[in-house]
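Overview (structure and organization)
Next come the chains, spelled out residue by residue.
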Amino acid sequence: MVWFWVTLVIVVILAIVLFFMSVKIVKQYERGVVLRFGRLHSVRDPGIRFIIPIVDVMTKVSLRIVTVPIQSQGIITRDNVSVGVSAVAYYRIVDPVKSVIAIENVRSAIDQIAQTTLRKVVGQHHLDETLAETAKLNINIREILDVVTVEWGAQVTLVELKDILLPDSMKRAMARQAEAEREKRAKIIAAEGEALAAAKLGVASDTMMSHPLALQLRTLQTLVEVGVDKNTLVVFPAPLMHSISEVTNFIDREAATAQVRGGAGLAGS
């Protein structure tokens, strides 16, 4: 009788253990790949799923997007400049069966192939292209990775260059180049300003030549502007020949007036 109860307890315990071994919970973002006696049997959807203990083996595969940081790679560009480039890749599993059967570790494999692809793509471009056309490089790397990872049941959704490290000598050379470029633009802008100012001054001088009073008004305005500084003495140059002509005309007018008055006095006497 004792042996019966002992056997019953052992059977119950084994039944409970086997029950828990057969129950599998597949999350919403997962798929369960079941191998029966080592051969592919089925793919289980999310929820509570039952398998045959010992006979079946379930591998859960996540379908969420996975981030893979790509360590900085020492790369020599096409124009023989040594740079360090780091990036980040995003991928997700689109075929759970291939991700389990075709490759042992998808994440590690994508990390390694991404490093070699990054060196290959960046090494085919000049430094200026690498710095200015990062979007184009990202697309090229992603397309190359997609061709390889499709056999692994994975899809690379995005690749982004994260950081580009330049040697100090190259940084100094680029700084000098940028400074020279800014100086060139500044000189061009200053020259264009001088040309526009000269054109406007020519138009103003033509206007003053056609209107003599405008020159006099401008002279008076300049005197007012100079007087703002509270100077005690202002020496202002004036057109010499014009001044002499004005003085001569004044003397002639005064002499003519004196003659007229003299003639009128003699006639009265």
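Our structure's up above, just so we're on the same page.
Attention in this report is confined to the structure presented alongside it.

How each quantity is defined
Residues numbered from 1 in each chain as written. Predicted model: local features only at pLDDT ≥ 70, side-chain atom pairs only at ≥ 80, totals over all residues. Heavy atoms only, no water. Salt bridge = Lys/Arg side-chain N within 4 Å of Asp/Glu carboxyl O. Helix = DSSP H or I, 4+ residues; strand = E, 2+ residues; numbered from the N terminus. Buried < 20%, exposed > 50% of the residue type's maximum accessible area, 1.4 Å probe, protein only. Contact = heavy atoms within 4.5 Å. Pairing = 2+ DSSP bridges. Axes fitted to C-alpha atoms, helices over the stretch in contact; angles between N-to-C directions.

1. Some thoughts on the pattern of salt bridges
Tallied over the entire structure, the rule returns 5 salt bridges. Of the charged contacts, one joins lysine 184 and glutamate 181 as a salt bridge, the two residues approaching to 3.3 Å between their closest N and O atoms. With lysine 184 and glutamate 181 both in helix H6 (residues 168-210), this residue pair falls 3 residues apart, about one helical turn. Residue glutamate 181 is classed as partly exposed on the basis of its relative accessible area, which comes to 34%. Between glutamate 181 and arginine 185 there is a salt bridge whose closest N-O contact spans 3.9 Å. Linking glutamate 181 with arginine 185, this pair stays in helix H6, spanning 4 residues, or about one helical turn. When its relative accessible area of 42% is taken as the criterion, arginine 185 is described as partly exposed. Salt bridges linked by common partners bring Glu181, Lys184 and Arg185 together as one network.

2. Regarding the side chain of asparagine 138
Positionally, asparagine 138 belongs in helix H5 (residues 134-149). Classification of asparagine 138 by relative accessible area gives buried; the value is 8%. Not counting the four nearest positions on each side in its chain, asparagine 138 is found in contact with Val159, Glu160 and Leu161.

3. Focus on the sheet that holds strand S7 (residues 82-93)
Pairing is antiparallel in the open sheet, where 3 strands are placed in the order S6-S7-S8. Taken across any chain shown, the strands that pair with only one partner, and hence form the sheet edges, are strand S6 (66-76) and strand S8 (154-165). For this sheet the average axis-to-axis angle between neighbouring strands, irrespective of direction, equals 25 degrees. Across 9 bridges, the pairing between S6 and S7 is antiparallel. From the neighbouring strand, proline 69 faces S7, where its bridge partner is valine 88. Contacts from helix H3 (residues 106-123) reach S6, S7 and S8 within the one sheet, and its direction differs from that of S6 by about 35 degrees.

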